[in-house]
Amino acid sequence: MKKVIHIIWCIWCAITTFISPIWITMIYLNVTGMIYKYDYSMDEGTAIIIGIGLLVLWLIVVLFPISILIRHVFIQNKRN
């Protein structure tokens, strides 16, 4: 069961790492307010709030699991 969870965890980290450049670009455009130049669906104030929300979501969904996976693999390698 541990091996299955480890494989799923690795697949999740690989997918989120693949999507991260696009996600980070959208966060940058929202936080700086430059999204308004490309998409007129929201004003600058709303874009900044959404950008901060996306940044927090990215930290939770991408960075946190990757750091836990690296820590888990490091501890496993130390035992062997």
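Quantities reported herein were computed from a predicted structural model and do not represent experimental measurements.

1. Topic: a nonpolar patch on the surface
So, step 1. There is a patch of nonpolar side chains on the surface, built from Val 31, Ile 48, Ile 52, Leu 55, Val 56, Leu 59, Ile 60 and Leu 63 and spanning about 630 Å² of accessible area.
So, step 2. At seven residues, the largest contribution of residues to the nonpolar patch is made by helix α3 (residues 44-79).
So, step 3. Inspection of the secondary structure puts Val 31 in helix α1 (residues 2-32).

2. Considering the packing of α1 against α3
So, step 1. Where α1 contacts α3, the two axes come as close as 9 Å, and the packing angle between them is 155 degrees. Comparing their axes, α3 and α1 come out roughly antiparallel. The two elements α1 and α3 meet at a crossing, and its hand is left-handed.
So, step 2. Residues that form the contact of α1 with α3 fall into these classes: 23 nonpolar, seven polar and no charged.

3. Quick word on α3
So, step 1. An ideal rise of 1.5 Å per residue puts 52 Å on 36 residues; α3 measures up with 51 Å between its terminal C-alpha atoms.
So, step 2. Burial in α3 covers these residues: Ala 47, Gly 51, Trp 58, Val 62, Pro 65 and Leu 69.
So, step 3. Elements that come into contact with the buried residues of α3 comprise α1 and α2 (35-38).

4. Some words on the confidence of the model for the protein chain
The predicted coordinates of low-pLDDT regions are not to be read in fine detail.
So, step 1. When pLDDT is averaged along the protein chain, the result is 87; 100% of the residues meet or exceed 70.
So, step 2. Here α2 stands out as the least confident element of the protein chain, with mean pLDDT 77; α1 is the most confident, with 90.

5. Structural notes on the side chain of Thr 16
So, step 1. Inspection of the secondary structure puts Thr 16 in helix α1.
So, step 2. Take Thr 16: its relative accessible area is 5%, and that puts it in the buried class.

6. Brief notes about the side chain of Ser 20
So, step 1. Locating Ser 20 in the fold gives a position in helix α1.
So, step 2. Under the relative-accessibility criterion, Ser 20 is labelled buried at 8%.
So, step 3. From its side chain, Ser 20 meets the backbone oxygen of Thr 16 in a polar contact 2.7 Å long.
So, step 4. Beyond its immediate chain neighbours, meaning those up to four positions away, Ser 20 contacts Trp 58 and Val 62.

7. Quick look at the state of the cysteines
So, step 1. Per the stated rule, a full pass over the model turns up zero disulfides.
So, step 2. With no disulfide of its own, Cys 10 has Cys 13 as its nearest cysteine by sulfur position, at a separation of 6.6 Å.
So, step 3. The class of Cys 13 is buried, set by a relative accessible area of 6%.

The rules behind each value
- Residues numbered from 1 in each chain as written.
- Predicted model: local features only at pLDDT ≥ 70, side-chain atom pairs only at ≥ 80, totals over all residues.
- Heavy atoms only, no water.
- Patch = residues over 30% accessible without salt bridge, like charges linked within 9 Å, V, L, I, M, F, W, Y side chains within 5 Å.
- Areas by Shrake-Rupley, 256 points an atom, 1.4 Å probe, with all protein chains shown as cover.
- Salt bridge = Lys/Arg side-chain N within 4 Å of Asp/Glu carboxyl O.
- Helix = DSSP H or I, 4+ residues; strand = E, 2+ residues; numbered from the N terminus.
- Axes fitted to C-alpha atoms, helices over the stretch in contact; angles between N-to-C directions.
- Parallel < 35°, antiparallel > 145°, perpendicular 65-115°, else oblique.
- Left-handed = near helix turned anticlockwise from the far one by under 90°.
- Nonpolar A, V, L, I, M, F, W, Y, C, P; charged D, E, K, R; others polar.
- Expected span 1.5 Å × (residues − 1).
- Buried < 20%, exposed > 50% of the residue type's maximum accessible area, 1.4 Å probe, protein only.
- Contact = heavy atoms within 4.5 Å.
- pLDDT = per-residue confidence, 0-100.
- Polar contact = N/O pair within 3.5 Å; in protein donor to acceptor, adjacent residues only side chain to side chain.
- Disulfide = S-S within 2.5 Å.

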